[in-house]
Amino acid sequence: MEKLKGDERRDLILKKLKDSGRPIKGAELAKICGVSRQVIVGDITLLKAHGESIMATSSGYVHLGSEAPERQGLLSRKIACTHTPDQTEKELNLIVDAGASVRDVTVEHPVYGELNAAIMVNNRHDVGQFVTRLNETGSPLLLELTGGPHLHTITADSEEILDRAEQALREHGFLTDEA
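Keep in mind that this is a model prediction, so the values were computed, not measured.

The rules behind each value
- Residues numbered from 1 in each chain as written.
- Predicted model: local features only at pLDDT ≥ 70, side-chain atom pairs only at ≥ 80, totals over all residues.
- Heavy atoms only, no water.
- UniProt positions renumbered as here; feature names shortened; annotations may be inferred.
- Helix = DSSP H or I, 4+ residues; strand = E, 2+ residues; numbered from the N terminus.
- Expected span 1.5 Å × (residues − 1).
- Buried < 20%, exposed > 50% of the residue type's maximum accessible area, 1.4 Å probe, protein only.
- Arc of directions from axis to C-beta.
- Contact = heavy atoms within 4.5 Å.
- Core = buried A, V, L, I, M, F, W, Y, C linked by side-chain atoms within 4.5 Å.

Q: Any chance you could explain the UniProt feature "domain: 3H" (unreviewed entry) in the chain here in plain terms?
A: Those residues carrying the UniProt feature "domain: 3H" (unreviewed entry) are residues 79-175 in this numbering. As annotated, residues 79-175 has a helix share of 38% and a strand share of 29%, and its two end C-alpha atoms lie 7 Å apart.

Q: I keep staring at helix α7 (residues 159-171) and nothing clicks. Help me out?
A: Since the α-helix advances by 3.6 residues per turn, residues separated by three or four positions end up pointing in the same direction. Relative to the 18 Å expected for 13 residues at 1.5 Å per residue, α7 spans 18 Å between its end C-alpha atoms, a close match to the ideal helical length. Among the residues of α7, Ile161, Leu162, Ala165, Glu166, Ala168 and Leu169 are the ones counted as buried. Projection of α7 onto a plane perpendicular to its axis shows the buried side chains occupying an angular sector of 160°, all on one side. Pointing more than 90 degrees away from the buried face of α7 are the exposed residues Glu160 and Glu171. Where the residues of α7 are buried, they touch β3 (75-81), α5 (88-97) and β6 (150-156). The first or second residue beyond α7 is Gly173, which carries a positive phi of 80°.

Q: Looking at this structure, I do not really get the nonpolar core. What am I missing?
A: A general feature of soluble globular proteins is that nonpolar side chains tend to end up buried together. Counting residues in each nonpolar core, the largest one holds 27 residues, and the members touching the most others are Ile79, Ile95, Val102, Val121, Phe130, Ile154 and Leu169. Those elements giving two or more residues to this core turn out to be β3, α5, β4 (101-109), β5 (113-121), α6 (124-137), β6 and α7. Per element, the largest residue contribution to this core is five residues, and it comes from α7. Those residues in contact with Leu169 that sit more than four places away from it in its chain are Ile79, Cys81, Glu91, Leu94, Ile95, Phe174 and Leu175. Of all hydrophobic cores here, the second largest spans 14 residues; its members include Leu4, Leu17, Ile40 and Ile54.

Q: Quick question: what am I supposed to make of helix α1 (residues 6-19) here?
A: The end-to-end C-alpha separation of α1 is 20 Å, in line with the 20 Å expected for 14 residues at 1.5 Å each. For α1, the complete set of buried residues consists of Arg9, Arg10, Ile13, Leu14 and Leu17. The arc that holds the buried residues of α1, viewed along the axis, is 135°, so those residues lie on one side. Within α1, the exposed residues directed more than 90 degrees away from the buried face are Asp7, Asp11, Lys15 and Asp19.

As structure tokens, then:
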């Protein structure tokens, strides 16, 4: 493919992200545009600076205009969890097995305040890919900053599914009881 000029490339990236029903990896966008992944990272930064709601997730980039739960008719709920790093895969699988999706994780840092990261896992395959990326990169989990306590935003088609996910977490001791 012929290398695209900056504005033309960013327009294409934006169109791909808006039209896609899934996250798109930087490497995939780079191939489409005929540039390096580092150029795509710079383009995403410029698009964000110009007000585009693009989020980098563990599965790739998503445009929030098409992914926001309220636009998909999904319900969302914040849940407080705590567990050790080696229990992360089990926690995420309990949520997706109940039929819910995990949008993000948030921790309260003593210096930086609230830190939030997109997770965007919808099924066991996504959970497996997320855990594989963690293991391959050696990246620490945000919960390691707090010794375990963290919040997740979970989404689902119904309150019943959200309740089922919470119940599964409670039964396995991952849900932090409200004080």
